[in-house]
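# Reading the structure
Below are the chains, spelled out letter by letter.
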2 protein chains.
Amino acid sequence: MPKQVDHEERRRHLTEALLRIASTRGLQAVSMREIAAEAGVSLRVVQYYFTNKQALLESGLTELGARMDRRVKQRATAAAGELTPRGAFAAVLGTILPFDEQSTLDSMAWTAYYTAALTDPALAAVGLTLPNALENYLTVRLTAAQQAGDIAPDRDPRTEVASLLALANGLTSSVLSGQRSHEAATEIIDYRLDRLFGPATA
Amino acid sequence: MPKQVDHEERRRHLTEALLRIASTRGLQAVSMREIAAEAGVSLRVVQYYFTNKQALLESGLTELGARMDRRVKQRATAAAGELTPRGAFAAVLGTILPFDEQSTLDSMAWTAYYTAALTDPALAAVGLTLPNALENYLTVRLTAAQQAGDIAPDRDPRTEVASLLALANGLTSSVLSGQRSHEAATEIIDYRLDRLFGPATA
DNA sequence: CTTGATAGGATACGACTGTATCCATTCAGG
DNA sequence: CCTGAATGGATACAGTCGTATCCTATCAAG
């Protein structure tokens, strides 16, 4: 056999090129040829490693989800040792918001995919996995916190979580469109968490 | 002069066809020829009444904003006579959520436009007018309510409004993607309004 | 009745799309 | 050394895109 190339690594390289285009120029600017140019390879190579444009697009969405997942875990463990319930929420919600250049780009791409998924069932299936997983995780977490007495007993954990996640998504949109700064969005999240858990503990 | 046609009415007809396509098949499915087919006219007619595809797209966004505006005012006056501050918020936020077939379609189109605006400054300029107007209106309203003693003095009106609007947007996304029902979203809004204004008055 | 602006059908243009094919190069296994 | 699978460059194909052009009706004004 010839050259022997790492297919996995090749595909990741192309997927990253795809996401770079999607996040800066939108998903409608993504074409096979554009990806090839962005990745510095020929059109044939893109075709060689992905059977379809559809496969390429799904790979992009999967990668985006993986990045988000990685970031959440990184933030969670960076807050060394055991987290307070509030700390866990601040970490997860803070990770959803665009907080640096890379996460801003990823959020843009995520938004593009989200919109595309509304009229493309194949993408919807891939794209809803992560949001649902997050909602479930946080609900379990908040229910436990309530039993431990960290939040008032009259709160409904599932509703609170749904509310906080929807808020984070809405804030992300407004940050991306320049309506609000990252700091302003973070303050709003903190403000909400204060009213759920009580003021942050030192 | 010949046939003498109502240009305004012609343009609205085409704009509505555009929005029908955008809301069911996405903005990327919108082409001059598709609009012509949807409106039941020839390609030439579409070109005749709009100089550009860009002009057509901007017209669609403007129409979408006008519809939303109409709906808010309709809801507000439907709640006959003077509204309680909470009633005004419930009306505006309830109008943002997709609550019937038409508003669901419009929300889909709105989402598509929002995403497109992230990589198209011309659309961004048109698209941010309404959200900003809403935020300002509600902030004025809530500040007055606070001075009247309707909400606790330690609340920050601007933050509360931003928070509620972001929440409504986030909930809209989750309703459109089928993660949540309209009823569930409405409950979440009510839940938040309860915690801001106190339980709904009979 | 003639004229000329208004309105629109038909068609063409060049650019770009995803996909397919043809062909050359590379190099591990026999 | 040689053979054949792995890799990828070059090019072609049939569509679709936005836009432009050509040409023909229509009908109010003179």
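I will try to describe carefully the structure that is included in this document. (Residues numbered from 1 in each chain as written. Chains lettered and ligands numbered in written order. Predicted model: local features only at pLDDT ≥ 70, side-chain atom pairs only at ≥ 80, totals over all residues. Heavy atoms only, no water.)

Moving on to the interface of chain B and chain A. In this complex, chain B contributes 36 residues to the contact, which on the side of chain A involves 36 residues. Approximately 3000 Å² of surface area, both sides summed, lies buried where chain B meets chain A, with 56% of it carried by carbon and sulfur atoms. Inspection of the region where chain B meets chain A yields six salt bridges. Between A:Arg180 and B:Glu135 there is a salt bridge, and its shortest N-O distance comes to 3.6 Å. The interface formed by chain B and chain A holds 15 residue pairs in polar contact (both at pLDDT 80 or more) in total. For the side of chain B that touches chain A, the elements supplying multiple residues, two or more each, are helix H1 (7-25), helix H6 (101-118), helix H8 (129-147), helix H9 (157-176) and helix H10 (182-197) of chain B. Here the element with the most residues in the side of chain B that touches chain A is H9(B); it accounts for 12 residues. (Contact = heavy atoms within 4.5 Å. Buried area = accessible area lost by both parts, 1.4 Å probe. Salt bridge = Lys/Arg side-chain N within 4 Å of Asp/Glu carboxyl O. Polar contact = N/O pair within 3.5 Å; in protein donor to acceptor, adjacent residues only side chain to side chain. Helix = DSSP H or I, 4+ residues; strand = E, 2+ residues; numbered from the N terminus.)

Per the stated rule, a full pass over the model turns up 32 salt bridges over all chains. Each of A:Glu63, A:Arg67, A:Arg70, A:Arg71 and A:Asp106 takes part in salt bridges that share partners, so that together they form one network.

What relates the two chain copies is a rotation about an axis together with a slide along it. It takes a turn of 180 degrees to lay chain B on chain A, together with a shift of 0.0 Å along the axis; the resulting RMSD is 0.1 Å. Each copy turns onto its partner about a two-fold axis. Here 100% of the contact residues of chain B are again contact residues in chain A; the copies associate through an equivalent surface. (Least-squares fit on C-alpha atoms with pLDDT ≥ 70 in both.)

The end-to-end C-alpha distance of helix H4 (residues 53-78) of chain A, which contains 26 residues, comes to 37 Å, matching closely the 38 Å that a straight helix rising 1.5 Å per residue would cover. Buried within H4(A) are the following residues: A:Leu56, A:Leu57, A:Ser59, A:Gly60, A:Leu61, A:Glu63, A:Leu64, A:Gly65, A:Arg67, A:Met68, A:Arg71 and A:Val72. (Expected span 1.5 Å × (residues − 1). Buried < 20%, exposed > 50% of the residue type's maximum accessible area, 1.4 Å probe, protein only.)

Quick look at helix H8 (residues 129-147) of chain A now. Residues and elements named next belong to chain A. Given a rise of 1.5 Å per residue, 19 residues ought to cover 27 Å, and the 28 Å separating the end C-alpha atoms of H8 matches this to within 8%. Buried within H8 we find Leu130, Pro131, Leu134, Glu135, Leu138, Thr139, Leu142, Ala145 and Gln146. The buried residues of H8 all sit within an arc of 165 degrees when viewed along its axis, so they share a single face. Summarising the geometry of H8, the exposed residues directed more than 90 degrees from the buried face are Thr129, Val140 and Gln147. Residues of H8 that are buried sit in contact with H4, helix H5 (85-96), helix H6 (101-117), helix H7 (121-127), helix H9 (157-176) and helix H10 (182-197). Taken from the residues just after H8, Gly149 is the one with a positive phi, measuring 85 degrees. (Arc of directions from axis to C-beta.)

All names here are of chain B. The geometry of helix H4 (residues 53-78) relative to helix H5 (residues 85-96) is characterised by a closest axis approach of 9 Å and an angle of 145 degrees between their N-to-C directions. Like other packed secondary-structure pairs, H4 and H5 cross with a definite hand, here right-handed. Contacts between H4 and H5 involve Met68, Arg71, Val72 and Arg75 from the former and Ala90, Ala91, Val92, Gly94, Thr95 and Ile96 from the latter. Each residue belonging to the contact of H4 with H5 can be placed in one class, and the counts come to six nonpolar, two polar and two charged. (Axes fitted to C-alpha atoms, helices over the stretch in contact; angles between N-to-C directions. Left-handed = near helix turned anticlockwise from the far one by under 90°. Nonpolar A, V, L, I, M, F, W, Y, C, P; charged D, E, K, R; others polar.)

All names here are of chain A. Tracing the sequence through the fold places Ser31 in the loop between helix H1 (7-25) and helix H2 (32-39). Overall, Ser31 belongs to the partly exposed group, its relative accessible area being 28%. It is 9.2 Å that separates the C-alpha atoms of Ser31 and Ile21, two residues lying 10 residues apart in sequence.

Moving on, we come to the packing of aromatic side chains. Summed over all chains, the structure comprises four aromatic pairs over all chains. Over the face of the ring belonging to B:Phe99 we find B:Arg75, whose NZ or CZ atom lies 4.4 Å from the ring centre. (Phe/Tyr/Trp six-rings, centres within 6.5 Å; stacked < 30°, edge-to-face > 60°. Lys NZ or Arg CZ within 6 Å of the ring centre and 35° of its normal.)

All names here are of chain B. With respect to the helices and strands, the residue Tyr113 is situated in helix H6. Tyr113 sits 14 residues away from Gly127 along the chain, and the two C-alpha atoms are 7.8 Å apart. Those residues in contact with Tyr113, other than ones at most four positions away along the chain, are Leu18, Leu19, Leu27, Leu57, Gly60, Leu61, Leu64 and Leu123.

Moving on, we come to the packing of H1(A) against H6(A). Residues and elements named next belong to chain A. At their nearest, the axes of H1 and H6 sit 8 Å apart, and the two run at 85 degrees to each other. As summarised for this structure, H1 and H6 are arranged roughly perpendicular, according to the angle between their axes. For the pair H1 and H6, the contacting residues are Leu18, Leu19, Ser23 and Thr24 in the first and Leu105, Met108, Ala109 and Tyr113 in the second. Of the residues assigned to the contact of H1 with H6, the class counts are six nonpolar, two polar and no charged. (Parallel < 35°, antiparallel > 145°, perpendicular 65-115°, else oblique.)

Right, let's get into the environment of A:Asp194. With respect to the helices, strands and loops of the structure, A:Asp194 is situated in helix H10. Along the sequence, A:Asp194 and A:Thr111 sit 83 residues apart, while their C-alpha atoms lie 28 Å from each other.

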